[in-house]
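# Observations on the three-dimensional arrangement
Listed below are the residues making up each chain.
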Amino acid sequence: MDSLVLNQLFRQLFRHPACQSIRRSPSSLPRSQTRSFLTRRTPAKRKVQDDGMLWVKRGDITKNIDEEYRTYPTVTAKELRSRRERPRQVKMLTREFIDDSLYNPHYGYFSKHATIFTPGEPFDFNRIDDGPAFHRMVGERYIEFEDRLDEIKPDIARQLWHTPTELFKPYYGETIARYLVSNYKLTLYPYHDLIIYEMGAGNGTMMLNILDFIRDTDYEVYQRTKFKIIEISPALADLQYKNLTDALNSRGHRDRVEIINRSIFDWDTYVHSPCFFLGLEVFDNFGHDTIRYDCQTEMPQQGGVLIDAAGEFHEYYNNQLDPVAARFLRVRQAAARRPFPSPLGPRLLRGLRSTPPFGKAHSLPEYIPTRLMQFFDVLNQYFPAHRLVASDFSSLPDAVPGINAPVVQTRYQRQTVPVTTPFVHQGYFDIFFPTDFNVVEDVYRAVTGKLTQVMSHEDFVDRWAYIEDTETRNGENPFLTWYKNASMLMTV
Ligand SMILES: C[S@@+](CC[C@H](N)C(=O)[O-])C[C@H]1O[C@@H](n2cnc3c(N)ncnc32)[C@H](O)[C@@H]1O
């Protein structure tokens, strides 16, 4: 990483001070998820514009951005795809900024430094003493894994994280495969083939584990199985292909697998066949919009970020909602079967809060999953006979302030560095959100017209895994207990 980039990164980190480390990295395995958040937030100043724009000026930047706001164009992540440099002198909605920051092919988080840990040989749980011993082993394998990578190509900004697919391979893949084959046999066999799409396949481990399992347990079904990966990251798509061809066991799989290097949001092929559609830890990186509310009128305002000529970020809010955010709020309102959290808090307290001098003019932001709603549109439009199997975090500790707010963190010299805002140097920070499964289930039903089931990761594993495979000597079972904050959404 060149020194200019480093300087910029550290200016960002300094401006948005770090809190203690959290998840997805070795020092952030699940037991450390409850550490408190130690950030200090700079007081924000607000300015109201005639055109309904309000901006939030950070304490350390004294510049007035009225002129820039009027003259800078509003750009989308798609428009920035061909650009090699991070944009300046533009405005972006929050979801567009997040998408650009994570997925820009030249500087996005998933384009360069992102690496998913793989333990090499699967863990032999039955020979591990207990949960803490497993925890230690994961830490050791992490270090070995990264030492090996550094021998080939040192990278002080390597972004390394772990997923259940990797930690519990091949058992997680086998668990999902059992669910798929049972449901396939109950409802589609023998009239249809088993067609599995996986969006966002990481290292491709889930695909290999599912195909190995089906081949070894039901060869007849295996012969009728097709597995298609839809992967946004060119680097990960290459790795998936490499892992497929390198796997000793995978010779027969090659004819069954297709790896399509494309974002699901660019999908344009109609798939009429019934299929299963997997998305495991993919929702969490989908762009969200920020909405805050006027505490007096309760009217929503939509957030965005202005990037000035010096590359500084200025957060702003606008009374005008764009059609996507407006539609999400409408669909949620119409579809919700249960009350959902609001940054305005419980209705009874709202009057009190907004009364000066105690009240604030605006609520904290809520982060709404607008891209996720658009993903459901893609499913509905192009995969009418799909059955979704999705897993993600239902809550995340140490998120930035707000409702349904993301964790924003980078990794530098093997240390996790969380910050307090998503508006930070694009490409160096993972930005990942919890999924409110209550709301998302209702939105999915409204968009696709399908029925669903939500269950905790633990219940799903309990139902479909051979849990004795992942039991340690003292009877603990990390596969059941490690992902307490994850849930599954399935089409029924
Ligand atoms: C956190 S990783 C999870 C990887 C894998 N599912 C696992 O559990 O190990 C997220 C994956 O989703 C991919 N991804 C994110 N957004 C995507 C999109 N819009 N279309 C296709 N793939 C996407 C990323 O490149 C990455 O492979």
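Please read these numbers as outputs of a predicted model, since none were measured by experiment.

## Focus on the overall build of the protein chain
Helix and strand counts for the protein chain come out as 16 helices and 19 strands. Per-residue burial over the protein chain gives 43% buried out of 492 residues.

## Observations regarding the environment of Val-439
Tracing the backbone shows Val-439 in helix 14 (residues 437-448). Given 22 C-beta atoms within 10 Å, Val-439 falls into the buried group. As a C-alpha pair, Val-439 and Pro-341 span 98 residues in sequence and 9.6 Å in three-dimensional space. Other than its neighbours up to four places away in sequence, Val-439 contacts Arg-332, Ala-336 and Phe-340.

## Observations regarding the environment of Asp-430
Along the chain, Asp-430 falls in strand 17 (residues 430-432). You can call Asp-430 buried: it has 24 C-beta atoms within 10 Å. It is 10.0 Å that separates the C-alpha atoms of Asp-430 and Trp-161, two residues lying 269 residues apart in sequence. Sequence-distant contacts of Asp-430, that is, excluding residues within four places in its chain, are made with Tyr-109, Gln-159 and Gln-409.

## Here's the deal with the nonpolar core
Core analysis: the largest hydrophobic core is formed by 101 residues, its most contacted members being Ile-196, Met-207, Ile-210, Phe-277, Leu-278 and Phe-376. If sequence neighbours within four positions are ignored, Ile-210 has contacts with Gly-173, Ile-176, Ala-177 and Ile-196.

## Here's the deal with the site of the ligand
Surveying the vicinity of the ligand reveals 21 residues, the closest of which are Thr-163, Thr-165, Gly-200, Gly-202 and Ile-232. Every element with two or more residues in the shell around the ligand is listed here: helix 6 (164-167) and strand 7 (225-231). In terms of residue class, the shell around the ligand is built from eleven nonpolar, seven polar and three charged.

## A closer look at the sheet that holds strand 7
Strand order in the open sheet made by the seven strands is 8-7-6-9-14-19-18, with mixed pairing throughout. Each end of this open sheet is capped by a strand with a single partner; those strands are strand 8 (257-261) and strand 18 (452-456). Neighbouring strand axes in the sheet, compared pairwise and without regard to direction, differ in orientation by 15° on average. Relative to strand 19 (residues 486-491), strand 18 runs antiparallel, the two sharing five bridges. The partner of Thr-452 across the bridge, within strand 19, is Thr-491.

## Regarding the sheet that holds strand 16 (residues 415-419)
Within the open sheet, the three strands sit side by side as 16-15-17. Their pairing is antiparallel. The two strands at the open ends of the sheet, each matched to only one other strand, are strand 16 and strand 17. For this sheet, the mean angle separating the axes of adjacent strands, direction not counted, is 30°.

## Observations concerning unusual backbone geometry
That bond from Lys-169 to Pro-170 is cis: its omega, -5°, falls within 30 degrees of zero. Along the chain, Pro-170 falls in the loop between helix 6 and helix 7 (171-187). Here Tyr-189 and Pro-190 are connected by a cis peptide whose omega angle stands at 5°. Inspection of the secondary structure puts Pro-190 in the loop between helix 7 and strand 6 (194-199). Residues other than glycine seldom take positive phi values, yet Glu-298 does so here, at roughly 65°. By the C-beta count within 10 Å, which is 13 here, Glu-298 ends up partly exposed. At Asp-398, a residue that is not glycine, the phi angle is positive and equals roughly 60°. Summarising the element assignment, Asp-398 is placed in the loop between strand 14 (386-393) and strand 15 (407-412).

## Remarks on the packing of helix 13 (residues 370-382) against helix 14
It is the contact of helix 13 with helix 14, at a shortest axis distance of 9 Å, that shows an interaxial angle of 35°. When the axes of helix 13 and helix 14 are compared, the crossing they make is right-handed. Taken together, the residues of helix 14 that come into contact with helix 13 (itself represented by Leu-372, Met-373, Phe-376, Asp-377, Leu-379 and Asn-380) are Val-440, Val-443, Tyr-444, Val-447 and Thr-448. Looking at side-chain class alone, the contact of helix 13 with helix 14 contains eight nonpolar, two polar and one charged residues.

## Focus: the packing of helix 7 against helix 8 (residues 205-217)
What describes two packed helices is the angle between their axes and the distance between those same axes. Orientation of helix 7 relative to helix 8, taken along the N-to-C sense of each, is 60°, at an axis distance of 8 Å. Comparing their axes, helix 8 and helix 7 come out oblique. In the crossing of helix 7 with helix 8, the sense of the turn from one axis to the other is right-handed. For the pair helix 7 and helix 8, the contacting residues are Gly-173, Glu-174, Ile-176, Ala-177 and Val-181 in the first and Thr-205, Met-206, Asn-209, Ile-210, Phe-213 and Ile-214 in the second. Looking at the contact of helix 7 with helix 8 residue by residue, the class counts come to seven nonpolar, three polar and one charged.

## Concerning the pairing of strand 7
Of all seven residues in strand 7, five are buried; the element is thus mostly enclosed. In the sheet, strand 6 pairs with strand 7 via six bridges, with the strands oriented parallel. Bridging from a neighbouring strand, Ile-195 pairs with Lys-226 of strand 7. Direction of pairing for strand 7 relative to strand 8: parallel, over a ladder of five bridges. Across the sheet, residue Ile-230 finds its bridge partner in strand 8, namely Ile-260. Taken together, strand 7, helix 10 (residues 234-246) and strand 8 constitute a β-α-β crossover, and its handedness is right-handed.

## A closer look at the confidence of the model for the protein chain
When the pLDDT values of the protein chain are averaged, the result is 88; 85% of them are 70 or greater. In the model, residues 16-50 has pLDDT below 50 throughout and makes 71 contacts with residues more than four positions away in sequence or in other chains.

## Remarks on the environment of Leu-239
Mapped onto the secondary structure, Leu-239 falls in helix 10. Assessed through the 19 C-beta atoms surrounding it within 10 Å, Leu-239 is described here as partly exposed. Between the alpha carbons of Leu-239 and Gly-204 there is a distance of 7.7 Å; along the sequence they are 35 residues apart. Apart from the residues lying within four places of it in its own chain, the contact partners of Leu-239 are Asn-203 and Gly-204.

So, how was this worked out
- Each chain carries its own residue numbering, running from 1 in the written order of its sequence.
- Predicted model: local features are reported for residues with pLDDT of at least 70 only, side-chain atom pairs are reported and counted for 80 or more only, and whole-chain, interface and lining totals are derived from all residues.
- Secondary structure elements are taken from DSSP: a helix is a run of H or I of four residues or more, a strand is a run of E of two residues or more, and numbering for both begins at the N terminus.
- Put plainly, a residue is buried at 20 or more neighbouring C-beta atoms within 10 Å of its own, exposed at 12 or fewer, and partly exposed in between, counting only other residues' C-beta atoms, which are placed from the backbone.
- For the purpose of contact definition, each residue receives a C-beta atom placed from its backbone, and two residues are in contact when these atoms lie within 7 Å.
- Throughout this description, the term nonpolar core refers to a group of buried Ala, Val, Leu, Ile, Met, Phe, Trp, Tyr and Cys residues whose C-beta atoms join them within 7 Å.
- Using a C-beta atom placed from the backbone for every residue, we mark a residue as near a molecule or strand if that atom lies within 6 Å of it.
- Each residue gets one label: Ala, Val, Leu, Ile, Met, Phe, Trp, Tyr, Cys and Pro are nonpolar, Asp, Glu, Lys and Arg are charged, and the others, such as Gly, are polar.
- Two strands qualify as a pair provided that DSSP identifies no fewer than 2 bridges between them.
- Fitted lines through C-alpha atoms give the axes, limited to the stretch in contact for helices. The angle between two N-to-C directions lies from 0 to 180 degrees.
- In this scheme the handedness of a crossing depends on how the near helix is turned from the far one: anticlockwise by less than a right angle means left-handed, clockwise means right-handed.
- For classification, angles of less than 35 degrees are called roughly parallel, those exceeding 145 degrees roughly antiparallel, those between 65 and 115 degrees roughly perpendicular, and all remaining angles oblique.
- Handedness of a crossover is defined as follows: with both strands directed away from the viewer, a clockwise route from the first strand across the helix to the second makes it right-handed.
- pLDDT expresses, on a scale from 0 to 100, how confident the predictor is about each individual residue.

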